[in-house]
Amino acid sequence: MNSNNESQRVKFGTKIGVIAATVGSAIGLGNIWRFPSEAQANGGAAFLFVYVLCVFILGIPVMLAELSLGRAGGSDSVGNFKNLTPKSRWWIAGTIGLLASYLILSFYMVVAGWTIEYLFDSLSGDLYDGYIAATQDQENAFFASKMANYVSSTWNPLLWTLVMIVLNLIVLLKGVQKGIEKMSNVLMPMMFVLMVIFCAVSLSLPNASEGVKFFLHPDFSKLDINVILNALGQAFFSLSLGMGILVTYAAYYPKTTKLGQTSVTVAMLDFFMAFLMGLVIFPAVMSFGLNNNETQLEGTTLVFVTLPEIFAHMGGERIWASLFFLLLAVAAITSTISITEVSVAFIRDRCRVSRTKACWIVMIPLLITSTLCSLSLGAVPGIKIAGLPLFDALDNFATNLLLPLSALAICIYVGWVLPRDFIHQQLSNFGTIPAKSAPLVAFLIRFLSPVLITVILVAKLIQML
Ligand code: PFF
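Residues numbered from 1 in each chain as written. Predicted model: local features only at pLDDT ≥ 70, side-chain atom pairs only at ≥ 80, totals over all residues. Heavy atoms only, no water.

Enquirer: Give a detailed account of the site of the ligand, specifying residues and quantitative values.
Expert: Taken together, 16 residues sit near the ligand, with Ala-26, Tyr-108, Phe-237, Ser-238 and Ile-339 positioned nearest. Within the backbone of Ala-26, a nitrogen or oxygen atom sits 2.7 Å from a nitrogen atom of the ligand. A distance of 3.0 Å is found between a nitrogen atom of the ligand and a backbone nitrogen or oxygen belonging to Phe-237. Those elements that provide at least two residues to the shell around the ligand are helix H2 (15-26), helix H3 (29-41), helix H6 (91-124), helix H11 (225-238) and helix H15 (317-350). When grouped by side-chain class, the residues that make up the shell around the ligand number 8 nonpolar, 8 polar and no charged. (Near = heavy atom within 4 Å. Polar contact = N/O pair within 3.5 Å; in protein donor to acceptor, adjacent residues only side chain to side chain. Helix = DSSP H or I, 4+ residues; strand = E, 2+ residues; numbered from the N terminus. Nonpolar A, V, L, I, M, F, W, Y, C, P; charged D, E, K, R; others polar.)

Enquirer: Outline the environment of Ile-245, listing residues and values.
Expert: Mapped onto the secondary structure, Ile-245 falls in helix H12 (residues 245-250). By relative accessible area, which is 2% here, Ile-245 ends up buried. Ile-245 sits 230 residues away from Lys-15 along the chain, and the two C-alpha atoms are 18 Å apart. The residues contacting Ile-245, other than those within four sequence positions of it, are Ser-25, Ser-240, Ser-338, Ile-339 and Val-342. (Buried < 20%, exposed > 50% of the residue type's maximum accessible area, 1.4 Å probe, protein only. Contact = heavy atoms within 4.5 Å.)

Enquirer: Can you explain helix H17 (residues 390-417)? Please cite residues and give values.
Expert: Maximum bend of H17: about 35°, positioned at Leu-402, with proline Pro-404 one to four residues after it. Most of H17 sits inside the fold, with 20 of its 28 residues counted as buried. (Bend = angle between axes of the 7 residues up to and from the residue.)

Enquirer: I'd like to hear about the environment of Leu-48, residue by residue, with values.
Expert: Mapped onto the fold, Leu-48 is located in helix H4 (residues 45-73). Linking Leu-48 and Ile-180, residues 132 residues apart in sequence, is a C-alpha distance of 31 Å. Sequence-distant contacts of Leu-48, that is, excluding residues within four places in its chain, are made with Phe-35, Ala-39, Leu-216, Phe-271 and Phe-275.

Enquirer: Could you give an account of the pattern of salt bridges, with specific residues and numbers?
Expert: Tallied over the full model, the rule gives 5 salt bridges. Asp-76 is the partner of Arg-350 in a salt bridge, and the nearest nitrogen-oxygen pair spans 3.0 Å. Taken together, the residues Arg-350 in helix H15 and Asp-76 in the loop between H4 and helix H5 (79-84) connect sequence positions 274 residues apart. Residue classification places Arg-350 among the partly exposed residues on the basis of a relative accessible area of 25%. Between Arg-355 and Glu-341 there is a salt bridge, with its nearest N and O atoms 2.7 Å apart. Of the two residues, Arg-355 sits in helix H16 (residues 355-375) while Glu-341 sits in helix H15, which places them 14 residues apart along the sequence. A relative accessible area of 14% places Arg-355 in the buried class. For Glu-341, a relative accessible area of 0% gives the class buried. Look at the salt bridges and you will find they share partners, linking Arg-9, Arg-348 and Asp-349 into a network. (Salt bridge = Lys/Arg side-chain N within 4 Å of Asp/Glu carboxyl O.)

Enquirer: Run through the side chain of Thr-161, naming residues and quoting values.
Expert: The topology assignment puts Thr-161 in helix H8 (residues 155-174). The residues contacting Thr-161, other than those within four sequence positions of it, are Met-109, Val-110, Gly-113 and Ser-370.

Enquirer: I'd like to hear about unusual backbone geometry, residue by residue, with values.
Expert: In this model, Asn-207 sits at a positive phi of 70°, which is unusual for a non-glycine residue. Relative to the helices and strands, Asn-207 resides in the loop between helix H9 (176-203) and helix H10 (208-216). Looking at Asn-207, the relative accessible area reads 48%, which means it is partly exposed. Backbone geometry at Arg-352 places phi at a positive 50°, although glycine is not the residue there. Using a relative accessible area of 63% as the deciding quantity, one classes Arg-352 as exposed.

Take a look at the structure:
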């Protein structure tokens, strides 16, 4: 596709659409099930402080590097490099993010499928079928075995992954404005409303303030290098950096979009959602005395075991569970749409085919890779790479290695390869709006971000070896 066609590239129609779509990508399962437990275990308010710092010194600058690259390039994650530096091989850097996005998509689609499965089982009452209020251990065992059955069976998760893929396909086929933007404009406000309802309910439970203290108690003695690395990693994942998403979406940003303002708004809303989720979980956990077992508060167990248990204690469990899994499914689908669009845009631009064809070309192999990921969790235990189920192997490889590598390459490219005033031009919309922070942002992209990302990368490599 030549740059002439790309300058006529379809754009998001409104400012709200730009924010809703980008926030939709950022707010995902990372905010809902990873952030609260991570924060509580790593020093409460002390962790929040470090996290916000990481967002400002690493998250926002890298985000701005990606947004500037995408909007100026006006193409897909690889085409951006080709358009800006046609004679160089820097486009190879774009393939890292593209590969990361496809691998992440393969397993995240499966998890997204679980969220819809749980939503339907909550609505139908199946989730609580056979439930008898008993001792805490028995209740845990009840939901844990439900989860194990759901996750490791053969057909159920495949069916729901397929449902998720079809939902993604329906939105993506409709295109950027009528599909992605419209969906985000509806789902994002809905997600915030649901979150606020859960927050209000949880904070009004007996003993809620104990939960808030448990979540936020500032424990600076816990702050060590690992906590800082965790905060950096969480900021990275939560803001969808290095996945080719922001460079792809930014190509749909109108020329008038204020990149600085957009990045800060997205980062703050993303943080706010993660923080609110902490205010949902811990008051409820404390109120029902479920805080004595640390594994109860971790990741998948937190959402698929502990929360259903809490809803049973609250009464009206089918309604609460349905609303919660709706929230989770919405968070998942707005993220999967954004990451699938990376591949769709790539195929459409590089192979010069229609959006419709590109969607099908992406979805068909995805059926295979996500099926393999799902089966690797139990139904066909032999699907392994380096001794790990395919699902976990892809997760480790993509999130620990490819994401930092891709973001590092983008920082070096934007900071050192493109002209020196590139960041200023992009942040000031070519001199039409003030961009006082541009020198600081350029400094962070050129010097600090590459150093911090290299530290994360090396630390991850050491952990993996
Ligand atoms: N920011 C997203 C999250 O916190 O879940 C990261 C993400 C993961 C985006 C997977 C898209 C995706 F498919």
